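Chain by chain, the residues:
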Amino acid sequence: MLKIGFIFPSSEYLHDPFRGDPHTHFQILTILEDYFGPKVELSLIDLRGIKKEFAFYHIPECDVYLHSVYTLDYNEQISIVKTLKDRYPLSRHIAGGPHAIEFQEDCLKIFDSLIIGDGEELIIQSVKDMICLKLKPIYKQESVVDINQYPYPRRKWLTESTISRKGPGRGLISLKNKQEYENLMSTTAIFSRGCPYKCHFCHMPNTKKYGLGIRFRKPELIKEEIEYLKKDYGIQAISFLDEICMPLNRDKTIAHLEAIGQTGILWKAQCRVDGITPEIAALAKGAGCVIMCMGMESVSQKSLDLINKKISVEQAKKSIRHLKNNGIEVRIYLILGLPGEPNDIVEQTWTFIKETEPDLVYLCLLTVRPGTEMYNHPEKFGFKAVNMNWDKTMHLHSRYEDEFPSLSFEYREQTPWGKSLSNDRIIKNYLELQETLKEAGLCTR
Ligand code: B12
């Protein structure tokens, strides 16, 4: 029997790594189990919360180790693979994920084989090849995988307490104004793959270049997965992790929301500010939506245009209103330090917030992440220097409680859009705005 272990790294840079579930791992393990059955023994080696220096003691011997490589995890994953190769020289390491797609040559120095693009078909092929001792260095998914062909990803590889969480600090649906929602049994889920937009700060256009656009699971499959979560884990509330939670076409959105609504769960999700009409907001509310988060990024139209966000400030105002009119809590994500930012960005942002009254505002500083348009063409965005230290590519909001903010880039004084803001000024703006948000009760920490 072939022993296969899919490793999930410590994620020590996350405030609470258990707020997100390893969906990639659930998906690939489910596919392997359905195809190979008793010929394989599968495990999800969950290293979250474990100190990096002791991780090795938690990893059982396997014939094949799988890794989904994210930029922030890469250094840790290199160290794990080196230690495992030393101890179990015959085992093989297969990797996929955003960082492996971007840095194939580097990754091949560490891993034995890479999965480039969607993994459903390629993992079967690579494991078959591995069994016949013919594992290839690269497997590329050239055609688009139909995600509706596959069953819902099972979660049995983790303990029940990891999958379903509730209570203060654990519950995933904590409304700003109603504390009791934290006590609902909650989990995360994802029903889509990809994003059709090409924002210049986002890694997705690169990650998904082998499977373009956005693909959603069919309504009946969404319903089936939610019913499984209710039945096996007592789930009452779900935080959807899709970048865009609803199809971009009205009729499909209606069917999608109907399916979720029929399950009776409450949910939180993310969408674009141009996806909300009064009709959609009302349907989302009726289908159990209690919180909607939107990637607004900036209140400066110039910055929005320079990062290719393809939204307008006016659209954002309307969407916030439609959601609030339906009693849905609205949270917006904002980034400071974007190209084209005006001198008075703090004042402009505060004016926008006072006018639109979102319930919470998640404020981050820009990070230039490998594989993004900004990273590949720094001169287009007026960058003088971009830091290549991957540990500096973290973009979580509210993380500067114990740490002073720093930037991973610097603008030239004169940029294609005029005079830029200095790093000191960007950080000062961030601290000032964060303080104002805190005083107004508009941020979580
Ligand atoms: C859900 C999600 C999470 C979850 C869980 C992630 C996980 N590892 O399972 C949580 C909330 C924990 C998370 C955290 C972070 N995430 Co995240 N996340 C996502 C999100 C929204 C969906 C990923 C997902 O689960 N999709 C469903 C699965 C089934 O599809 P998939 O991941 O694409 O995997 C398929 C293929 O890529 C391939 N594949 C991928 N890896 C492997 C490995 C093997 C061995 C094989 C065979 C195949 C394979 O096969 C899969 C099936 O086809 C994506 C954006 C997106 N929509 O893709 C961002 C995204 C992947 N995340 C990103 C980032 C930056 C982060 C954080 C670093 C956040 C931060 N604040 O900075 C942390 C990293 C934590 C960590 N250690 O993993 C970036 C990655 C950029 C990069 N270069 O690394 C993305 C692309 C978002 C973005 N827009 O930039 N994330």
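Everything numeric here is computed off the predicted structure, so don't read it as measured data. Counting from 1, residues in each chain are numbered in the order their sequence is written. Where totals are concerned, whole chains, interfaces and linings use all residues; where local detail is concerned, this predicted model gives features only for residues with pLDDT of at least 70, and gives and counts side-chain atom pairs only at 80 or more.

(A) Structural context of the site of the ligand. Placing a C-beta atom from the backbone of each residue, we mark the residue near a molecule or strand if the atom is within 6 Å of it. With respect to spatial proximity, 41 residues lie near the ligand, and among them Gly-20, His-23, Ser-68, Gly-96 and Gly-119 are the closest. Contributions of two or more residues to the shell around the ligand are made by helix 1 (23-36), strand 3 (64-68), strand 4 (92-96), helix 3 (98-102), helix 5 (120-131) and helix 7 (204-207). The way it works is that DSSP assigns letters per residue, a run of H or I at least four long becomes a helix, a run of E at least two long becomes a strand, and they are numbered from the N terminus. Broken down by element, the residue count for the shell around the ligand peaks at five residues, all from helix 1. Under the convention adopted here, Pro, Cys and the residues Ala, Val, Leu, Ile, Met, Phe, Trp and Tyr are nonpolar, Asp, Glu, Lys and Arg are charged, and Gly plus all remaining residues are polar. By residue class, the composition of the shell around the ligand is 18 nonpolar, 17 polar and six charged. Domain delimitation in this document rests on an assignment produced automatically or drawn from a domain database. Composition of the shell around the ligand by domain shows at least three residues from each of domain 1 (2-140) and domain 2 (165-439).

(B) How the structure looks around the pairing of strand 2 (residues 40-46). When DSSP finds two or more bridges between two strands, those strands count as paired. Where strand 1 (residues 2-8) meets strand 2, seven bridges bridge the pair, whose relative direction is parallel. In the sheet register, Phe-8 faces strand 2, and the bridge partner there is Asp-46. A crossover connection joins strand 1 to the parallel strand 2 through helix 1; in handedness this β-α-β unit is right-handed. Crossovers are marked right-handed if the path from the first strand over the helix to the second runs clockwise, as seen with the strands pointing away from the viewer.

(C) How the structure looks around the domain arrangement of the chain. Domains assigned within the chain are domain 1 (2-140) and domain 2 (165-439). Spacing between the C-alpha centres of domain 1 and domain 2 amounts to 28 Å. By the convention adopted here, residues make contact when the C-beta atoms placed from their backbones lie within 7 Å. The partner domain 2 presents 18 residues to the 18 residues of domain 1 that form the contact. If you tally residues by element for the side of domain 1 that touches domain 2, the top one is helix 3, at three residues. Split into classes, the residues belonging to the side of domain 1 that touches domain 2 amount to seven nonpolar, six polar and five charged.

(D) Inspection of unusual backbone geometry at higher detail. Of note, the phi angle at Ser-11 is positive, near 50°, even though the residue is not glycine. For Ser-11, the position within the fold is in the loop between strand 1 and helix 1. Notably, Lys-310 is not glycine yet its phi reads approximately 60°, a positive angle. By secondary structure assignment, the location of Lys-310 is in the loop between helix 11 (301-306) and helix 12 (313-325). Given 14 C-beta atoms within 10 Å, Lys-310 falls into the partly exposed group. Comment: burial labels come from other C-beta atoms within 10 Å of the residue's own C-beta, placed from the backbone, where a count of 20 or more is buried, 12 or fewer is exposed, and between is partly exposed.

(E) Summary view of the sheet that holds strand 2. Spatially, the six strands line up as an open sheet ordered 2-1-3-4-5-6, and their pairing is parallel. Strands with a single pairing partner mark the edges of an open sheet, and in this sheet they are strand 2 and strand 6 (138-140). Going from strand to strand, the sheet's axes swing by 20° on average, the running direction of each strand aside. Where strand 3 and strand 4 come together, five bridges link them in parallel fashion. Note on strand 4: the bridge partner recorded for Leu-66 is Ile-94. Contacting strand 1, strand 2 and strand 3, helix 1 runs over the sheet at an angle of about 170° to strand 2. The axes used here are C-alpha line fits, helices contributing only the stretch in contact, and every angle between their N-to-C directions lies in the interval 0 to 180 degrees.

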